[in-house]
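# An overview of the molecular structure
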Amino acid sequence: MKKFKRALALSLTAAMGLSLVACGNGGDATTTAAPETEAATEAATEAAATEDDASASTATEASEIDYSNDGSVLNIQVWNAEFSERLRDYLPNYKANDPEDGLAGGVLTTPNGDIKVKFTQTPSDKNAYQNNLDTVLPGNADAAADDKVDIFLVEADYALKYVNSDTEVTEPIADLGITDDEIADQYQYTKDIVTDGDGVLRGLSWQACSAGLIYNREIAKEVIGSDDPADVQEAVKDWATYEETAAKMADAGYLMTSSVNDTYRVYSNNVTKKWVSDDGVIQLDDNIKAWIDNSKAEVDANETTTNDLWGDDWSKGFYPDGKVFAYFGPAWFFNFCMAYDTTDDDESVADNGGWGFVAGPQSFYWGGTWICAAAGNDNPGAIRYIMEQMTTNPEVMKAIATGSQDCVNSKSVLAELASSDEGNIDLLGGQNPYEQLAAGAEKVDMSNISSYDQGCNESIQAKFKDYFDGKTDYDSAYAEFVKDVQTKYPSLKAE
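Residues numbered from 1 in each chain as written. Predicted model: local features only at pLDDT ≥ 70, side-chain atom pairs only at ≥ 80, totals over all residues. Heavy atoms only, no water.

Attention shifts here to the overall build of the protein. When helices and strands are counted, the protein shows 20 helices and 11 strands. Taking all 495 residues of the protein together, the buried fraction comes to 58%. The long-range share in the protein, meaning contacts at least 24 apart out of those at least 6 apart in sequence, stands at 73%. Of the roughly 18700 Å² of accessible surface on the protein, 45% is carried by carbon and sulfur atoms. (Helix = DSSP H or I, 4+ residues; strand = E, 2+ residues; numbered from the N terminus. Buried < 20%, exposed > 50% of the residue type's maximum accessible area, 1.4 Å probe, protein only. Contact = heavy atoms within 4.5 Å. Areas by Shrake-Rupley, 256 points an atom, 1.4 Å probe, with all protein chains shown as cover.)

Structure follows, in structure tokens:
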């Protein structure tokens, strides 16, 4: 039987706002190191070899900047291995202790000397990662020198919790010496997510996780009559047309998507109000209601299922003999999810190049990881160096994009990739998706995010499963949803 190999995929789920772990935003204790492909190794080597290049922020140029540290250990709080592996593979002047295990840490050589890098992993399951941060961050300034948290990572669904904390737990980016000019090439939405109520920026990301519809080319040829991205986009250009195409897929014996949860983020990222009102009332946006109604109709019409994301039944569509037309996802979905899946012969599903990419019915984003400097840290120089290298150095960011097929947070790098063969992706049959990804990143609107997003997003998907399966009615499912949210956030009131 084919198995969905979770590697990094299972290490990234909370980013998607689920209690399980998978590709993009959360994590579990079973993460493994990403294998270094030839392309990634070459790209990382090039990035690390820019020490004498005037265009890179390396030791020669950096010697004029204050990168001083008071501590001898750089402590980084993570929920999975993604960030540690990014540093291992792409950070100039960083030497990992174990090339197979990013979480084993290493040594970073800064312009002001060497510093030991230590990762502390707490899985996201059952909110454990946030609970750990809630314990260690408030008293960080009083911790012993080499026990102080220097960097911690957050995801969009709960970033505001730490950015707007009553007890300041994040250091402003400006206080590290990073200027607005340095981050001018980054997408605005990636800054909005980690900007506090007073307009102070408190984190940076190397990713721009705009997303779209990833479709099976052979099924497209059979049912739509073409696998050309322009023709497929026309068949899914809005939700009404999407539903018409879903009916055609079902008539031909295919699922439009593997699960109702595949479309969830498209709807939830296009809401017009926050999950919770200013006076603490849980609100169900019209777009969430539309997801519920459309999902119920699709399940009843055998156009999709209620399979849990990241499970073996859900991932069956990845394979050449799969019966699923489309999955929704950002660039990390190509590499961290689909390309990590293997056949019984241990061949990557990416080898068949049988997929294509289009914008889909609505622009949306999914996932992403933000680097925050913990208030009370004792290594501001090393934090600054990592943030600058990983989020503002174009050579490093290009290496990440070409080596890991990621969509990086750099308008200029994405424009370069979109106009060259370097942006072509094997899994997509050689298609270059970066023009679409860059356009999507410009459209992301973060005005309706809240501190309650992770809990509410998890609950609505989990508690409406029985409704979609016909095991309960709408009102009962909604009551269970409210009950679950109030268990997580006792102060909230029902609508």
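All right, on to the pattern of salt bridges then. Here the structure, examined in full by the defined rule, presents 19 salt bridges. The residue Arg88 makes a salt bridge to Asp89 at a minimum N-O spacing of 2.8 Å. For the pair shown, Arg88 and Asp89 are each scored as buried. Across the pair Lys398 and Glu416 runs a salt bridge, and its minimum N-O distance is 2.6 Å. In this pair, Lys398 is assigned in helix H15 (residues 394–404) and Glu416 in helix H16 (residues 411–418), connecting sequence segments 18 residues apart. Glu416 sits in the partly exposed class, given a relative accessible area of 36%. One salt-bridge network, held together by shared partners, links Glu168, Asp196 and Arg202. (Salt bridge = Lys/Arg side-chain N within 4 Å of Asp/Glu carboxyl O.)

This part covers unusual backbone geometry. One non-glycine residue with positive phi stands out, namely Asn127, at about 65 degrees. Positioned with a positive phi, Gln405 is a non-glycine residue whose angle comes to about 55 degrees. The residue Gln405 is located in the loop between H15 and H16 in this model.

Between two packed helices, what matters for the description is the angle formed by their axes and the separation of those axes. Two elements in contact, H15 and H16, have axes whose closest approach is 10 Å; the angle formed by their N-to-C orientations is 50 degrees. Between H15 and H16, the crossing angle belongs to the class labelled oblique. As H15 packs across H16, the resulting crossing turns out to be right-handed. Residue-level contacts link Pro394, Met397, Lys398, Ala401 and Thr402 of H15 to Val413, Glu416 and Leu417 of H16. (Axes fitted to C-alpha atoms, helices over the stretch in contact; angles between N-to-C directions. Parallel < 35°, antiparallel > 145°, perpendicular 65-115°, else oblique. Left-handed = near helix turned anticlockwise from the far one by under 90°.)

Looking now at the environment of Trp206. Relative to the assigned elements, Trp206 resides in the loop between helix H6 (188–192) and strand E6 (210–216). Owing to a relative accessible area of 0%, Trp206 belongs among the buried residues under this scheme.

Time to look at the sheet that holds strand E11 (residues 370–373). Spatially, E2-E3-E4-E1-E5-E11 is the arrangement adopted by the 6 strands of the open sheet, whose pairing is mixed. This sheet does not close on itself; its edge strands, each paired only once, are strand E2 (94–96) and E11. Ignoring which end each strand starts from, the neighbouring axes of this sheet average 25 degrees apart. The sheet contact formed by E2 and strand E3 (residues 106–110) spans 3 bridges and is antiparallel. (Pairing = 2+ DSSP bridges.)

As a further point, take helix H3 (residues 82–90). A large share of H3 lies buried, amounting to 9 of its 9 residues. Every buried residue of H3 is accounted for by Glu82, Phe83, Ser84, Glu85, Arg86, Leu87, Arg88, Asp89 and Tyr90.

Once that is clear, we can look at the packing of helix H14 (residues 380–392) against H15. Two elements in contact, H14 and H15, have axes separated by 6 Å at closest approach and are oriented at 60 degrees. Between H14 and H15, the interaxial angle falls into the category oblique. Here Gln389, Met390, Thr391 and Thr392 of H14 come into contact with H15, specifically with Pro394, Val396, Met397 and Ile400. Residues of the contact of H14 with H15, tallied by class, amount to 5 nonpolar, 3 polar and no charged. (Nonpolar A, V, L, I, M, F, W, Y, C, P; charged D, E, K, R; others polar.)

Now for helix H20 (residues 474–488). The α-helix winds at 3.6 residues per turn, so residues separated by three or four positions along the chain end up facing the same way. In this model H20 runs 21 Å from its N-terminal to its C-terminal C-alpha over 15 residues, within 8% of the 21 Å that 1.5 Å per residue would give. On the buried face of H20, the contacting elements are helix H18 (453–463) and helix H19 (465–468). (Expected span 1.5 Å × (residues − 1).)

Attention shifts here to the nonpolar core. Nonpolar side chains in soluble globular proteins generally cluster together in the buried interior. Phe152, Tyr189, Ile193, Phe325, Phe333 and Ile460 are the most contacted members of the largest nonpolar core, which has 137 residues in total. When sequence neighbours within four positions are dropped, the list of residues in contact with Ile460 reads Tyr264, Trp275, Leu284, Ile288, Trp291, Ile292 and Phe481. (Core = buried A, V, L, I, M, F, W, Y, C linked by side-chain atoms within 4.5 Å.)

This next bit is on the pairing of E11. Burial along E11 is two-sided: Trp370 and Cys372 facing one way and Ile371 and Ala373 facing the other are all buried. Both strand E5 (residues 149–154) and E11 contribute to a ladder of 4 bridges, which runs antiparallel. Within the sheet, the bridge partner assigned to Ile151 lies in E11 and is Ala373.

Bringing the packing of aromatic side chains into the picture now. Overall, the coordinates contain 34 aromatic pairs when judged by the stated rule. With a centroid separation of 4.3 Å and 15 degrees between ring planes, the pair formed by Trp239 and Tyr267 is classed as stacked. One end of the pair, Trp239, is in helix H9 (residues 239–251); the other, Tyr267, is in helix H10 (residues 264–268), and 28 residues separate them in sequence. Looking at Trp239, the relative accessible area reads 16%, which means it is buried. Relative accessible area serves as the criterion here: at 2%, Tyr267 is assigned to the buried category. Grouping aromatic residues by their ring pairs yields a cluster made of Trp310, Trp314, Phe318, Tyr327, Trp332, Phe333, Trp355 and Trp366. A cation sits over an aromatic face here: Lys296 above Tyr467, 5.2 Å from the ring centre. Lying over the aromatic face of Tyr67, Arg384 brings its terminal NZ or CZ to 5.5 Å of the ring centre. (Phe/Tyr/Trp six-rings, centres within 6.5 Å; stacked < 30°, edge-to-face > 60°. Lys NZ or Arg CZ within 6 Å of the ring centre and 35° of its normal.)

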